[in-house]
Amino acid sequence: MPESIAPPVLLVAQRDGTEVSAETAFAAGALKLHGRAVVPLAIDFASTEDTLPEAVRTHGASDVVIVSTLEGRETDFVLSEAARRAVPGRVVVVGDALARVPLPPGGFGLGIDIVAEITPAGFAMFGDGVARGGPERGSSDFGAFGGAACFRRAMSVSLLGDAHELPIYASRPSRRTLSPVAALARFEAPLEVEAVLLPSASMTGLRDFADDIRSVAFHDRDLPERAWPLVEACGARELPVTVRLHPERATPGALATLRDLGVRRVAFDCDAIDGHPLPGATANADSVADACRRTEESGIAAAVVFVVGLPGEDPGKTDARLALLRAAPVRRVRVVPFEPTGGTDAWRTCVAAGVWPPDGDLWIREVHRPLRQSQVDLEAYTRMESAALEWLAETDVRGRSVRL
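These notes cover the structure that comes with them. Along every chain, residues carry numbers that run from 1 in the direction the sequence is written. Owing to the predicted nature of the model, reporting of local features is limited to residues with pLDDT of at least 70; listing and counting of side-chain atom pairs is limited to 80 or more, with chain, interface and lining totals taken over all residues. Computation of side-chain values: all heavy atoms of the structure, hydrogens and water removed.

1. Re the packing of aromatic side chains
How we decide: Pairing of aromatic side chains here covers Phe, Tyr and the six-membered ring of Trp, requires ring centres within 6.5 Å, and sorts the geometry by plane angle: under 30 degrees stacked, over 60 edge-to-face, intermediate tilted. A positively charged side chain is recorded as over a ring if its NZ (Lys) or CZ (Arg) lies within 6 Å of the ring centre. The angle to the ring normal must also be within 35 degrees.
Overall, the coordinates contain 6 aromatic pairs when judged by the stated rule. One aromatic cluster in this structure is built from Phe142, Phe151 and Phe209. A cation over a ring is seen here: arginine 172 above phenylalanine 26, with NZ or CZ 4.3 Å from the ring centre.

Here it is, written out as structure tokens:
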């Protein structure tokens, strides 16, 4: 890797859910591969117009990279113009959403470069022009975001909100298999075609931060079997491992193998309800509950990422889903409000059904706006989310004395 002698690159991302998204981490990794130091800047609703140019002046940045999502695109237009006025070098807007959803007429202004795929080749403009390998050589880099300090903040990078946990990516998914839930899609960094990362790229974080972490979690939405040797490598270091699986793959044989490799927890996405198919969804509450039982019987803890406010859902359906899951041995819960991931089949389905976009300004990310469904007003949605959060709290209290 070339030694960094150029001024730093300001890496800008809108704070939304986790502090560092997968795409932001892979963008930092690509810049590092080209020898560029990275200064992160998280933007939120409280940021002022002076935030970006002040960061440029403070850190002496010569270039700006903006990690863009469809959900924050309006703000990205403003940020890119502010960056163009603030730096002498390049202003680049990056992110898979740029390929999934066409820009409106006019798009970004003059002098703004667009990179849809976050790969070493896509960032060659920031180094000596050499691509430095394909997407399988790109690694995530959390060192730019504080490294050990980043992992101490529970909701900074963790899927389930665990402190001192290192995220690991074994692959980069195709955008056609991206999670339909916007909050969960932030744990993926999709490409046009799926790429399996080289072991050296996947395990970079473990090499750099082994002394600063207590556990690892594979963020791949459905961890492929070809990545299981990486799981074994983590288990050999006596680090508790969390993986995500589709419930159908949680068979007794597979779970026994994963347990022997060092897996201590399996997380399942519960993002579907009966009678209302959502393109790209993983599983309903019934199949997730069954998978949790098989997981517990294998000697592994089960966790659930519960998505609330799905198309067709009402308070009665939420209560029914929660009743199924309460009867299952679930050790950890995260509750995620539903918002369709931009440019996916789920997003197009919601738009066609007239339930999306929501009323109000989508770019105000601190306020969640549920789908526009006739059976669910804001009061009803609040009851649904509150019921899910009560289950989360119950599970958390029961599990406080349990260690992985």
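2. Comments concerning the environment of aspartate 286
The test is simple: Here a helix means four or more residues in a row that DSSP labels H or I, a strand means two or more in a row labelled E, and each is numbered from the N terminus. A 1.4 Å probe rolled over the protein chains alone gives each residue an accessible area, and that area as a share of the maximum for its type sets the label: buried under 20%, exposed over 50%, partly exposed in between.
Topologically, aspartate 286 is positioned in helix H12 (residues 285–297). The exposure class assigned to aspartate 286 is partly exposed, which follows from its relative accessible area of 40%. Measuring from C-alpha to C-alpha, the distance between aspartate 286 and alanine 148 comes to 38 Å, with 138 residues separating the pair along the chain.

3. Here we look at the environment of glutamate 394
In this structure, glutamate 394 sits in helix H15 (residues 378–399). The class for glutamate 394 is partly exposed, based on a relative accessible area of 34%. Counting along the chain gives 356 residues from glutamate 394 to valine 38, while the straight-line C-alpha distance between them is 41 Å.

4. Details of the sheet that holds strand E13 (residues 332–337)
This is how it is decided: Between any two strands, pairing holds if DSSP finds at least two bridges. Here the axes come from fitting lines to C-alpha atoms, over the contacting stretch only for helices, and the angles between their N-to-C directions go from 0 to 180 degrees.
Pairing is parallel in the open sheet, where 6 strands are placed in the order E6-E9-E10-E11-E12-E13. Only two strands of the sheet have a single neighbouring strand rather than two, namely strand E6 (165–168) and E13. Recorded for the sheet is a direction-independent mean angle of 20 degrees between the axes of neighbouring strands. Strand direction decides the pairing type here: E6 and strand E9 (residues 215–218), joined by 4 bridges, are parallel. When the sheet's bridge partners are listed, leucine 166 is paired in E9 with valine 216.

5. Things to note about the pattern of salt bridges
Applied cut-off: Throughout this description, the term salt bridge denotes a Lys or Arg side-chain nitrogen within 4 Å of a carboxyl oxygen of Asp or Glu.
Enumeration according to the criterion identifies 26 salt bridges in this entry. For aspartate 271, the salt bridge identified is with arginine 221, shortest N-O distance 3.7 Å. Taken together, the residues aspartate 271 in the loop between strand E11 (263–270) and H12 and arginine 221 in the loop between E9 and helix H10 (228–236) connect sequence positions 50 residues apart. According to the relative accessible area criterion, aspartate 271 is buried, its value standing at 0%. Judged by its relative accessible area of 16%, arginine 221 is buried. Several salt bridges converge on common partners, so that one network encompasses Asp96, Arg100, Arg175, Arg176 and Glu192.

6. Let's talk about the side chain of threonine 318
The criterion, for reference: The contact definition used throughout considers only heavy atoms, calling two residues in contact when any of these lie within 4.5 Å.
One can find threonine 318 in helix H13 (residues 315–326). Apart from the residues within four sequence positions on either side, threonine 318 is in contact with Val308, Glu313 and Met384.

7. As for the sheet that holds strand E3 (residues 63–67)
Pairing is parallel across the open sheet formed by 5 strands, whose spatial order is E2-E1-E3-E4-E5. Lying at the two open borders of the sheet, with one neighbouring strand each, are strand E2 (38–43) and strand E5 (112–115). Averaged over neighbouring strand pairs, the angle between their axes works out to 25 degrees when direction is ignored. Against the sheet, helix H1 (residues 22–33) engages strand E1 (9–14), E2 and E3, with an angle of about 170 degrees to E1. Where helix H3 (residues 73–86) meets the sheet, its contacts fall on E1, E2, E3, strand E4 (91–94) and E5, and the angle it forms with E3 comes to roughly 175 degrees.

8. Things to note about the pairing of strand E10 (residues 241–244)
So the rule is basically this: Here is how to tell: hold the view so the strands point away, follow the path from the first strand over the helix to the second, and if it runs clockwise the crossover is right-handed.
What you see with E10 is no split at all: Val241 and Val243 on one side and Thr242 and Arg244 on the other are buried throughout. Sheet analysis places E9 next to E10, joined by 2 bridges and oriented parallel. Its bridge partner lying in E10, valine 216 is registered against valine 241. Read from E9 through H10 to E10, the crossover connection turns out right-handed. In this structure, E10 lies alongside E11, joined through 4 bridges in parallel fashion. Counted as the bridge partner of threonine 242 is arginine 265 from E11. Following the chain from E10 across helix H11 (residues 252–261) to the adjacent parallel E11, one finds a crossover that is right-handed.

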